[in-house]
Amino acid sequence: QVRLVESGGGLVQPGGSLRLSCAASGFIFSIATMSWYRQAPGKARELVATITGGSTNYTDSVKGRFTISKDNAKSTVYLQMNSLKPEDTAVYYCNAKAPLRRGVEYWGQGTQVTVSS
């Protein structure tokens, strides 16, 4: 029943931009904490950005370049990625913390972002 479906990934040159989308269903999206994670080959999965309530948080490597936002009416969370670098190459995953079930979280299937010239 719970679904998180990412889209918007692809191949882009360094310095370019992409906007990822995550369409959510099956839980109370408006009060859930939503995050984007990424995992590059040979590296651990890392938290990229989080939006909860009216606040956002970013890992240092993407600050000033990435922006997380959400549209409650569309139950969709976005990740706008600008000034992309090769080290941003990874599979990006959408994550939701179940708002009324402590310790429960949901994951999307991931979308590939490749930054290469």
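The paragraphs below set out a description of the structure included in this document. (Residues numbered from 1 in each chain as written. Predicted model: local features only at pLDDT ≥ 70, side-chain atom pairs only at ≥ 80, totals over all residues. Heavy atoms only, no water.)

## Focus: the nonpolar core
Buried together is how nonpolar side chains tend to be arranged in soluble globular proteins. Heads up, the rule is: Throughout, nonpolar core names a set of buried Ala, Val, Leu, Ile, Met, Phe, Trp, Tyr and Cys residues whose side chains join them through atoms within 4.5 Å. The buried label goes to any residue with under 20% of its type's maximum accessible area, the exposed label to any with over 50%, and the partly exposed label to all in between, with areas taken from a 1.4 Å probe on protein chains only. Put simply, DSSP H or I for four residues or longer makes a helix, DSSP E for two residues or longer makes a strand, and each gets a number counted from the N terminus. Residues count as neighbours in contact if any of their non-hydrogen atoms are within 4.5 Å of one another.
Grouped together as the largest cluster of nonpolar side chains are 31 residues, with contacts concentrated most on Met-34, Trp-36, Leu-79 and Tyr-92. Of all elements in the fold, only strand S3 (18–25), strand S4 (33–39), strand S5 (46–52), strand S7 (66–71), strand S8 (76–81), strand S9 (90–97) and strand S11 (111–115) reach the threshold of two or more residues within this core. Other than its neighbours up to four places away in sequence, Met-34 contacts Leu-4, Phe-27, Phe-29, Ala-49, Thr-50, Ile-51, Ile-68, Lys-70, Val-77, Cys-94, Asn-95 and Ala-96.

## Let's talk about the state of the cysteines
Defined as follows: The disulfide criterion is simple: two cysteine sulfur atoms within 2.5 Å.
For the structure shown, the criterion picks out 1 disulfide. The disulfide partner of Cys-22 is Cys-94, and the gap between their sulfur atoms is 2.1 Å. Here Cys-22 and Cys-94 share a disulfide; its torsion about the S-S bond, -85°, makes the bridge left-handed. With Cys-22 in strand S3 and Cys-94 in strand S9, the pair connects residues that are 72 residues apart, well separated along the chain.

## Quick word on the packing of aromatic side chains
Using the following cut-off: Here is the rule: rings of Phe, Tyr and Trp (six-membered ring for Trp) pair when centre to centre is within 6.5 Å. Planes less than 30 degrees apart are stacked, more than 60 are edge-to-face, and the remainder are tilted. Two limits define a charge over a ring: the Lys NZ or Arg CZ must be within 6 Å of the ring centre, and within 35 degrees of the ring normal.
A complete count under the given rule lists 3 aromatic pairs for this structure. Ring geometry for Phe-27 versus Phe-29: centroids 6.4 Å apart, planes at 50°, classification tilted. Accessibility assignment for this pair places Phe-27 and Phe-29 in one class, buried. On the basis of an interplanar angle of 35° and a centroid distance of 5.6 Å, the ring pair of Phe-27 and Tyr-106 is categorised as tilted. Within this pair, whereas Phe-27 is found in the loop between S3 and S4, its partner Tyr-106 is found in strand S10 (residues 105–107), the two being separated by 79 residues in sequence. Side by side, Phe-27 and Tyr-106 carry an identical accessibility label, which is buried. An aromatic cluster is defined as three or more aromatic residues linked by ring pairs; in this entry it consists of Phe-27, Phe-29 and Tyr-106. For Arg-19, the ring lying beneath its charged end belongs to Tyr-78, and the centroid distance is 4.1 Å.

## What to know about the pairing of S7
Rule in force here: Strands were regarded as paired on the criterion that DSSP finds at least two bridges between them.
Relative to S8, S7 runs antiparallel, the two being bridged by 6 bridges. Note on S8: the bridge partner recorded for Lys-70 is Val-77. Counted between consecutive antiparallel strands, the loop separating S7 from S8 contains 4 residues, among which Ser-75 sits at a positive phi close to 50°.

## Some remarks on the pattern of salt bridges
Note that side chains of opposite charge can pair when their charged atoms are close. Test applied: Any carboxyl oxygen of Asp or Glu within 4 Å of a side-chain nitrogen of Lys or Arg constitutes a salt bridge here.
Evaluation of the coordinates by the stated rule reveals 5 salt bridges. The closest approach of N and O atoms between Arg-38 and Asp-88, which form a salt bridge, is 3.0 Å. Linking Arg-38 in strand S4 with Asp-88 in the loop between S8 and S9, this pair joins segments that are 50 residues apart in sequence. A relative accessible area of 5% means that Arg-38 is categorised as buried. Residue Asp-88 is classed as buried on the basis of its relative accessible area, which comes to 1%. When the shortest N-O distance is used, the salt bridge between Asp-60 and Lys-63 registers 3.0 Å. The partly exposed category is assigned to Lys-63, whose relative accessible area is 48%. Each of Arg-38, Glu-46, Arg-65 and Asp-88 takes part in a single network of salt bridges with overlapping partners.

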